[in-house]
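Understanding the architecture of this molecule
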Amino acid sequence: MSESRAAAGSGAAQLRLALPGKGTLEGATLTFLAECGLKVQRSNPRQYLARISSLPELEVVFQRAADIPALVHDGDAILGITGYDLLAEFRGHAEEPDEDEKSDDDLVVLERDLGYGSCRLVVAVPETWIDVNTCADLWHLAGYYQEHKRRGLRIATKYPTLTRHFLRRHGISHCRIVTPHGALEAAPLTGAADLIVDLTETGTTLRENHLKLLDDGVVLRSQACLIGNVRFLNQDPQAQRVARVLLELINARLQARNRVLLTAYVPGSGEEVRSLLSMHLKRLVPGFEYHIGSSESTDDPQAQRCRVSGVLQMGTAVADLVEIITALRSVGAEHIDVTPLAYRFGQEPASLRLLSERTAQRP
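Small disclaimer: the values here were computed from a predicted structure and weren't measured.

1. Quick look at the pairing of strand 12 (residues 224-229)
- Where burial is concerned, most of strand 12 is hidden: six out of the six residues are buried.
- Taking every second residue as pointing to the same face, both faces of strand 12 are buried, with A224, L226 and G228 on one and C225, I227 and N229 on the other.
- Of the strand pairs in this sheet, strand 5 (residues 79-83) and strand 12 are connected by five bridges, and their pairing is antiparallel. Within the sheet, the bridge partner assigned to G80 lies in strand 12 and is I227.
- For strand 6 (residues 107-111) and strand 12, the ladder comprises four bridges, and the chain directions are antiparallel. Directly across from V108, in strand 12, lies its bridge partner G228.

2. Some remarks on the side chain of S222
- Within the fold, S222 resides in strand 11 (residues 211-222).
- On the basis of relative accessible area, S222 is assigned to the buried category, the value being 4%.
- Residues in contact with S222, not counting those within four places in the same chain, are G83, Y84, D85, G117, S118 and C119.

3. Regarding unusual backbone geometry
- Phi angles above zero are rare outside glycine, and R150 is one such case at about 60°.
- Relative to the helices and strands, R150 is located in the loop between helix 5 (135-149) and strand 8 (153-157).
- Among the residues examined, R150 registers a relative accessible area of 70% and is labelled exposed.

4. Observations concerning the side chain of E89
- For E89, the position within the fold is in helix 4 (residues 84-91).
- One buried charged side chain, E89, makes no salt bridge at all; its nearest oppositely charged neighbour is R164, positioned 6.4 Å away.
- A polar atom in the side chain of E89 sits 3.1 Å from the backbone nitrogen of L162.
- Residue contacts for E89: discarding those within four places in its chain leaves Y159, P160, T161 and L162.

5. Thoughts on the packing of aromatic side chains
- Overall, the coordinates contain two aromatic pairs when judged by the stated rule.
- Between F32 and Y116, the aromatic rings sit 5.4 Å apart at their centres with planes inclined by 45°, giving tilted as the arrangement. In this pair, F32 is assigned in helix 2 (residues 23-35) and Y116 in the loop between strand 6 and strand 7 (119-126), connecting sequence segments 84 residues apart. In this structure, F32 and Y116 share a single accessibility class: buried.
- Positioned above the aromatic ring of F62, the side-chain terminus of R42 is 3.8 Å from the ring centre.
- In this arrangement the basic side chain of R112 is found over the ring face of Y84, its NZ or CZ atom lying 3.4 Å from the centre.

6. Considering the nonpolar core
- Counting 76 residues, the largest nonpolar core has L79, W129 and L138 as its most contacted members.
- No other element matches helix 10 (residues 237-256), which puts eight residues into this core.
- With near-sequence residues (within four places) excluded, W129 lies in contact with L138, L141, Y145, L153, D194, L195 and K212.
- I292, L321, I324 and I325 belong to the second-largest nonpolar core, a separate cluster that totals 21 residues.

Rules used throughout
Residues numbered from 1 in each chain as written. Predicted model: local features only at pLDDT ≥ 70, side-chain atom pairs only at ≥ 80, totals over all residues. Heavy atoms only, no water. Buried < 20%, exposed > 50% of the residue type's maximum accessible area, 1.4 Å probe, protein only. Helix = DSSP H or I, 4+ residues; strand = E, 2+ residues; numbered from the N terminus. Pairing = 2+ DSSP bridges. Contact = heavy atoms within 4.5 Å. Lys, Arg positive; Asp, Glu negative; His and termini not counted. Salt bridge = Lys/Arg side-chain N within 4 Å of Asp/Glu carboxyl O. Polar contact = N/O pair within 3.5 Å; in protein donor to acceptor, adjacent residues only side chain to side chain. Phe/Tyr/Trp six-rings, centres within 6.5 Å; stacked < 30°, edge-to-face > 60°. Lys NZ or Arg CZ within 6 Å of the ring centre and 35° of its normal. Core = buried A, V, L, I, M, F, W, Y, C linked by side-chain atoms within 4.5 Å.

Here you go:
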């Protein structure tokens, strides 16, 4: 038992958040936390410990992303951010229990998709295997290798547990997992393996090394995720409070991402403005939900105006924004402001309900 775990058992655990200390996940995680209002203060990038000024009771420790599930599981860190692929390999399965399903696992996923670090764990075979495009084709090929070459297919991967589960699900048994050193994409080229199961973001590296994805060969879709140790969280009210703050800010930031708040003032009474916008705005942008405030009081009925506001999803909907601006101008709107959202709070997030349910299940 680690010292911190022992300390946690006595109710004096160090409240610690483990973050990736290397690779692309490190920079993306620090940027994401800063967007959430949780900027990590680290004077030297080589330091392993840091603080978040807005949560001074929380210590940050930088570790390899692959080690973070074990750190949180053992209680050396009560919370952590890592790739879901690494967590699934550590736990030996990729499925999450249903919300109403009881689980004895201390390691719980508090937020499944943080919106960055997206990748897929896929089965990739040589392009020269022109008759192998699905897992069923691979099953036939594995049988052929066993019968005519007297050996199973050699599969190179750094995810042996997830790969075995995937192969078993497709009935592929004549195979052997190998873990060569260096880049997995080179294994079929050098003869170290026949095919690979590896992470890919766009598939470009696989194609450049003459590999192709099987049509049904996605083992797992992954993003960065927030995990916690529900047993240690249950023992420490301060840790629960910090976890709730993290989840509220992270969820509100995810809800606000790529959304803008549009406000404008439209001349006329509330009824007049509502009628005008229903004719112009809803016809042009049916999905735009907006709110019309009450008329501003004034002695001059001709000077009445209403505040119109609404939230719009950006990205592919930039053209909709221009349509909305044009429609608002056509009814005399002025002072049209478009502001990026920092947070968007709604009902209690599902992640907070999950945390409450899982801690309540613990004695």
